[in-house]
2 protein chains.
Amino acid sequence: MANTQFSTKDRILGAAEELFAQHGFSGTSLRQVTTRADVNIAAVNYHFGSKDNLVTEVFRRRMDDMSAQRLERLRQAQEASPGELEPILAAFVEPALALAQDRNGGGAFIRVIARAYAEKNDGLRKFLSERYGHVLRDFARAMAACVPGLSKEQLYWRLDFLAGALTYAMADFGLIKRPTGVSDATHRTKAAQELIRFAAAGFKS
Amino acid sequence: MANTQFSTKDRILGAAEELFAQHGFSGTSLRQVTTRADVNIAAVNYHFGSKDNLVTEVFRRRMDDMSAQRLERLRQAQEASPGELEPILAAFVEPALALAQDRNGGGAFIRVIARAYAEKNDGLRKFLSERYGHVLRDFARAMAACVPGLSKEQLYWRLDFLAGALTYAMADFGLIKRPTGVSDATHRTKAAQELIRFAAAGFKS
DNA sequence: GTCTATAGGATGATAGAC
DNA sequence: GTCTATCATCCTATAGAC
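Small disclaimer: the values here were computed from a predicted structure and weren't measured.

**With respect to the overall build of chain A**
Part 1: A tally of regular secondary structure across chain A gives 9 helices and 0 strands.
Part 2: Along chain A, from the amino end to the carboxyl end, the secondary structure elements read α-α-α-α-α-α-α-α-α.
Part 3: Computed over its C-alpha atoms, the radius of gyration of chain A comes to 18 Å, within 12% of the 17 Å expected for a compact globule of 205 residues.
Part 4: Reported as C-alpha extents along the three principal axes, the dimensions of chain A are approximately 55 × 40 × 30 Å.
Part 5: Residues classed as buried in chain A amount to 51% of the 205 residues present.
Part 6: Contacts in chain A between residues at least 24 apart in sequence constitute 70% of all its contacts with a sequence separation of at least 6.
Part 7: With an accessible surface of roughly 9500 Å², chain A has 49% of that area assigned to carbon and sulfur atoms.
Part 8: On chain A, the mean spot of the 28 positive side-chain charges and the mean spot of the 23 negative ones are 3 Å from each other.

Structural data, given as structure tokens:
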């Protein structure tokens, strides 16, 4: 093993993640991936079997971690301040923010998530909902306890609004131009704070 | 001209829209487009010059109309009920809803919009912001008058949250499953109402 | 595990006949 | 305006040497 810090497999995953975020799944070729990862073109098929498998692996690596963080933060929030909505929203928003801030390619990953939502008919979407649906259901339950009187349908809509706004903001798609002199990290942190406040008011309405 | 109801150009645009929504821009080949439109492969380059031009044309066809509707509804809202926030939000949300409901393929276009922000196609993004940025600025101005005390930055963030939630909800990405027995139209109309309420509270916070 | 080489096919775009 | 035919390029995936 020439590089002990990052294995060939990890380098491929990192390069793929960045390129997927930038050019999409089908917009990224395995040649681009292997060139950036500085590995041989054949290594992808050796380690992952196919391009599709590489796509789901890129996903799993980040989402498993983010979902675990969200659930842990949710648990903490319910323990420390039961009945309060804002900490629950923060438990949902901030792990996504942290991922977006991550120097090690995580920032790109938020856009990969956005892309996955759009991938309506693909197996990727099914994979996501099967593997991570329980996280959203846990959040829905916790929020219901804070905002009694909402129908289940209303609750789910609002969670969807939150997820949509979060994805959009973290993917940096909007009109908001980062003011010059403000770091990317500061800018996104601000966005997260604003979103928590915005959503808290929305949920309580 | 064999088909007088839909020109070759329109058939290409319609087929491209559906396929872009389903597979993304780079995931869709011109061959797929021309096969579905039942026109010759060379017709795309004849009518549009390039694939990139086709992409922007797909946008222009729907967005010009939706933006005009938004601005007209905004004007009406400001005239009929000055200082009220909800009618302004409705002026923003409901034209998107109408498009999503449109029998003539408009529904797919909402998903194309979602694709656009996932794909981070810089050329497309520039085109959109240059051509439709003024619409959002007009809305920001109108909202500022309803919710004094917000910084420009806060206002823009909130508009972004609204746009993100709207796209996500109209594209039907969320966990919300349409209850059986409820029509697609009713379901989305409900979503729009809920979003207006949610966002109104958020903006006023 | 990593490489070279290549098979086998799809892609965007164009030239030129009608 | 519409067609066929084709170019040059790129793609994923694999076979086989080291």
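And the narrative resumes.
**What to know about the interface of chain B and chain A**
Part 1: Taken together, the contact pairs 45 residues of chain B with 44 residues of chain A.
Part 2: For the pair chain B and chain A, the two sides together bury roughly 4700 Å², of which 66% comes from carbon and sulfur.
Part 3: Contact with chain A buries surface across chain B, with B:Trp157, B:Phe161 and B:Phe198 losing the most and accounting together for 17% of the total.
Part 4: On the surface where chain B and chain A come into contact, there are 4 salt bridges.
Part 5: For B:Arg158, the salt bridge goes to A:Glu194, with nearest N and O atoms at 3.8 Å.
Part 6: Between the two partners, chain B and chain A, sit 8 residue pairs in polar contact (both at pLDDT 80 or more).
Part 7: For the side of chain B that touches chain A, the elements supplying multiple residues, two or more each, are helix H1 (8-23), helix H6 (106-119), helix H7 (122-146), helix H8 (152-170) and helix H9 (184-204) of chain B.

**Looking at the relation of the copies chain B and chain A**
Part 1: Least-squares fitting of chain B to chain A yields an RMSD of 0.7 Å, with the transformation described by 0.4 Å of translation along the axis and a rotation of 179°. The superposition of one copy onto the other is thereby described by a two-fold rotation axis.
Part 2: In this assembly, 93% of the residues forming the interface of chain B have copies in chain A that are likewise at the interface, indicating an isologous arrangement.

**Let's talk about the pattern of salt bridges**
Residue and element names in this part refer to chain B.
Part 1: In total, this model carries 29 salt bridges over all chains according to the counting rule given.
Part 2: The shortest N-O distance in the salt bridge between glutamate 17 and arginine 61 comes to 3.7 Å. Residue glutamate 17 is located in helix H1, and its partner arginine 61 is located in helix H4 (residues 51-80); the two are separated by 44 residues in the primary sequence.
Part 3: According to the relative accessible area criterion, glutamate 17 is buried, its value standing at 2%.

**A word on the protein's contact with DNA strand C**
Part 1: What surrounds DNA strand C is a group of 14 residues, the closest being A:Asn40, B:Ser29, B:Leu30, B:Arg31 and B:Lys51.
Part 2: The share of sugar and phosphate among atoms of DNA strand C within 4 Å of the protein is 49%.
Part 3: Between DNA strand C and A:Asn40, the relevant distance is 3.0 Å, taken from a phosphate oxygen to a side-chain nitrogen or oxygen of the residue.
Part 4: Contact distances for DNA strand C include 3.1 Å between a phosphate oxygen and a side-chain N or O atom of B:Lys51.
Part 5: The set of elements that each furnish at least two residues to the surface near DNA strand C consists of helix H3 (42-48) of chain A together with helix H2 (30-37) and helix H3 (42-48) of chain B.
Part 6: Ranked by residue count, the leading element in the surface near DNA strand C is H3(A), at 3 residues.

**Focus on the nonpolar core**
Soluble globular proteins tend to bury their nonpolar side chains together.
Part 1: With 149 residues, the main nonpolar core has A:Leu54, A:Met143, A:Leu162, B:Leu54, B:Phe59, B:Met143 and B:Leu162 as its most contacted residues.
Part 2: Examining the composition of this core, we find that 12 residues originate from one element, helix H8 (residues 152-170) of chain A, more than from any other.
Part 3: With sequence-adjacent residues up to four places away left out, B:Leu162 is seen in contact with B:Leu89, B:Phe92, B:Val93, B:Met143, B:Leu195, B:Ala199 and B:Phe203.

**Side note on the packing of aromatic side chains**
All names here are of chain B.
Part 1: The full count for this structure, using the stated rule, is 15 aromatic pairs over all chains.
Part 2: Judged by centre distance (5.4 Å) and plane angle (70°), the ring pair of phenylalanine 59 and phenylalanine 109 falls under edge-to-face. Taken as a pair, phenylalanine 59 in helix H4 and phenylalanine 109 in helix H6 lie far apart in primary sequence, 50 residues in all.
Part 3: On the basis of relative accessible area, phenylalanine 59 is assigned to the buried category, the value being 1%.
Part 4: Considering the side-chain rings of tryptophan 157 and phenylalanine 161, the 6.1 Å spacing of their centres and the 20° angle between planes classify their relative orientation as stacked. A residue pair is termed a helical-turn pair when its members lie 3 or 4 positions apart in one helix, as tryptophan 157 and phenylalanine 161 do in helix H8 at 4 residues.

**Comments concerning the UniProt feature "DNA-binding region" (unreviewed entry) in chain A**
Part 1: UniProt annotation of "DNA-binding region" (unreviewed entry) refers to residues 29-48 of chain A when read in the numbering used here.
Part 2: As annotated, residues 29-48 of chain A has a helix share of 75% and a strand share of 0%, and its two end C-alpha atoms lie 14 Å apart.

What counts and how
Residues numbered from 1 in each chain as written. Chains lettered and ligands numbered in written order. Predicted model: local features only at pLDDT ≥ 70, side-chain atom pairs only at ≥ 80, totals over all residues. Heavy atoms only, no water. Helix = DSSP H or I, 4+ residues; strand = E, 2+ residues; numbered from the N terminus. Rg over C-alpha atoms; globule rule 2.2 N^0.38 Å. Buried < 20%, exposed > 50% of the residue type's maximum accessible area, 1.4 Å probe, protein only. Contact = heavy atoms within 4.5 Å. Areas by Shrake-Rupley, 256 points an atom, 1.4 Å probe, with all protein chains shown as cover. Lys, Arg positive; Asp, Glu negative; His and termini not counted. Charge placed at Lys NZ, Arg CZ, Asp CG, Glu CD. Buried area = accessible area lost by both parts, 1.4 Å probe. Salt bridge = Lys/Arg side-chain N within 4 Å of Asp/Glu carboxyl O. Polar contact = N/O pair within 3.5 Å; in protein donor to acceptor, adjacent residues only side chain to side chain. Least-squares fit on C-alpha atoms with pLDDT ≥ 70 in both. Near = heavy atom within 4 Å. Core = buried A, V, L, I, M, F, W, Y, C linked by side-chain atoms within 4.5 Å. Phe/Tyr/Trp six-rings, centres within 6.5 Å; stacked < 30°, edge-to-face > 60°. UniProt positions renumbered as here; feature names shortened; annotations may be inferred.

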